[in-house]
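Analysis of the macromolecular model
One-letter residues, chain by chain:
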Amino acid sequence: MRKYPWMVGTATVVLTLAVLFAGQQARVEGQSAQQQPSLSAVPGQKGGQDIFGAYEVAPNWPKPISSLPGNEKWTWGAGQGVFAESPNRVFILQRGELPNLQRPKTISLPQLGPNIEFPIGRLPWRDATSASPPGALFGPDGKTPGDDLDVGKPGVDYQWSHIINVVDANGNFIEDWSQWDKMFRRPHSVFESPYDPQKNVWIVDDYRQAIFKFTNDGKRLLQTIGTPNEPGQDDKHFYRPTFMAWLPDGTFFVADGYVNTRVVKFDKDGKYLMAWGQKGDNGKETRPGYFNNVHGIAVDPQTRRVFVNDRGNRRIQVFDENGKYLDAWSVGQPPSDIHLIYMDGSRYLWAFDRGSSKMIKYDLNGNFMYAWGTWGNFPGGFWGVHGMSVDSAGNLYVAEVDNGGAQKYRPRAGANPAFLITKPAVQGN
């Protein structure tokens, strides 16, 4: 057979690449575990798996809310928000309480078909967010607030009590804020501005269309932003607001929200400055500045960029502080469903995905860095994380609408710092 020069050259290149690859593969296979790069949260660990990422679960935190005197019949309702002022003072926000019932015994239901059982072993049996109040936003007239009787009988199916809870590092209840219980209908999130020396406490209530600012001790209501019980889309109204975020000079932004499709900017005193955003084609929108379900917001204190969770369109949009569009990235195809976003002190953007029960790390250009978490109602399992916070000791806290209540995670010994979520850094005012 006649040999052409190009055939000889090609064969030589192929043979050379094969030899090089084989040699490289042999070297990799011959490396010790210590020499190969580790993707584990704790470098060098032998065995195990990173079920909870770089964290371990703090057991028995918080203490059962049924341990409060006279509250034995009740347990946590939907956990809406959590904020750690310090390791020894943590706020937990919930939507009322649910009956403190034991898990039902598994029963077969042959009348529905073969091999049908309830509840299924290892799976949760009650979804706190669908069982907790409130009910419909409006009454039959479509204008006045609903009475919440459409979700059950008060005192039997739910109890509107202990909406704001404050616990210490051991999970003990240390303060009583029940004087404000009746003020709320659907409290959505709780914050303190990292730049406020007074450490005032902010509660966003998406059914009351308002944001309430309290003194740090909870004794006084200092300010109400929005017009309670009146939805709208001007400088004095919200329509189901969700989250807040601050800049170092006290400027803050509100994600507004479930019905409105905008971001609202205020000065440090709560004076309306501007808003941006338009309603898009839900689930399909790609145009800049169009939103569906504005459910999360975070700011970069150095560049003053504003990151917005456009939940309905499964994307993060980025703007300058005056609403100029800068960037966007997808958070993934269904079942992805980002519940909230959080800017940590290392200037990474963390997000919780309700669809996958994963905590996700992005850099500020949207590059995916890491994810961890698993679904379940066992200690450490995630189900519907709706709020998160980190204290000065590096402990992570989450509030969960579906599991109910909140959980605390401690950094594992020897954990790689790149796998940990950090407390927001306070920039100079």
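Analysis parameters
Residues numbered from 1 in each chain as written. Predicted model: local features only at pLDDT ≥ 70, side-chain atom pairs only at ≥ 80, totals over all residues. Heavy atoms only, no water. Helix = DSSP H or I, 4+ residues; strand = E, 2+ residues; numbered from the N terminus. Buried < 20%, exposed > 50% of the residue type's maximum accessible area, 1.4 Å probe, protein only. Contact = heavy atoms within 4.5 Å. Pairing = 2+ DSSP bridges. Axes fitted to C-alpha atoms, helices over the stretch in contact; angles between N-to-C directions. 1 Å grid on protein atoms, 1.4 Å probe; cavity = no way out; pocket = protein on both sides within 12 Å on 5 of 7 lines; lining within 4 Å. Points joined across faces, edges and corners; volume = space filled by probe spheres on them. Nonpolar A, V, L, I, M, F, W, Y, C, P; charged D, E, K, R; others polar.

**Examining the environment of Thr 215**
Within the fold, Thr 215 resides in the loop between strand E12 (210-214) and strand E13 (221-225). On the accessibility criterion, Thr 215 (9% relative accessible area) is buried. With sequence-adjacent residues up to four places away left out, Thr 215 is seen in contact with Trp 177, Asn 200, Val 201, Arg 220 and Leu 222.

**Details of the sheet that holds strand E27 (residues 368-372)**
Judged by pairing direction, the sheet is antiparallel, and its four strands sit side by side in the order E24-E25-E26-E27 without closing on themselves. Looking at which strands have only one partner, the edges of the open sheet turn out to be strand E24 (338-343) and E27. When the angles between neighbouring strand axes are averaged without regard to direction, this sheet yields 20°. Here five bridges tie E24 to strand E25 (residues 349-353), and the two strands are oriented antiparallel to one another. What sits directly across from Met 343, in E25, is Leu 349.

**A look at the layout of surface pockets**
In this approach a probe as big as a water molecule rolls over the atoms, and the regions it shows empty are the leftover space. Considering only enclosed or pocket space, the largest pocket measures out at about 900 Å³ in volume. If you go around the largest pocket, you meet 34 residues; those closest to its centre are Thr 75, Trp 76, Asn 377, Asn 403 and Gly 404. For the lining of the largest pocket, the elements supplying multiple residues, two or more each, are strand E2 (74-76) and strand E30 (406-411). If you tally residues by element for the lining of the largest pocket, the top one is E30, at three residues. For the lining of the largest pocket, the per-class residue count stands at 17 nonpolar, 11 polar and six charged. Considered as a void within the structure, the second largest pocket measures approximately 680 Å³ in volume. Lining the second largest pocket are 39 residues, with Phe 83, Glu 192, Pro 194, Tyr 342 and Pro 424 sitting closest to its centre. Contributing elements (two or more residues each) for the lining of the second largest pocket: strand E3 (79-86), strand E10 (187-191), strand E14 (241-246), strand E20 (294-299), E24 and strand E28 (385-390). Sorting elements by how many residues they give to the lining of the second largest pocket places E3 first, with five residues. Of the residues assigned to the lining of the second largest pocket, the class counts are 24 nonpolar, eight polar and seven charged.

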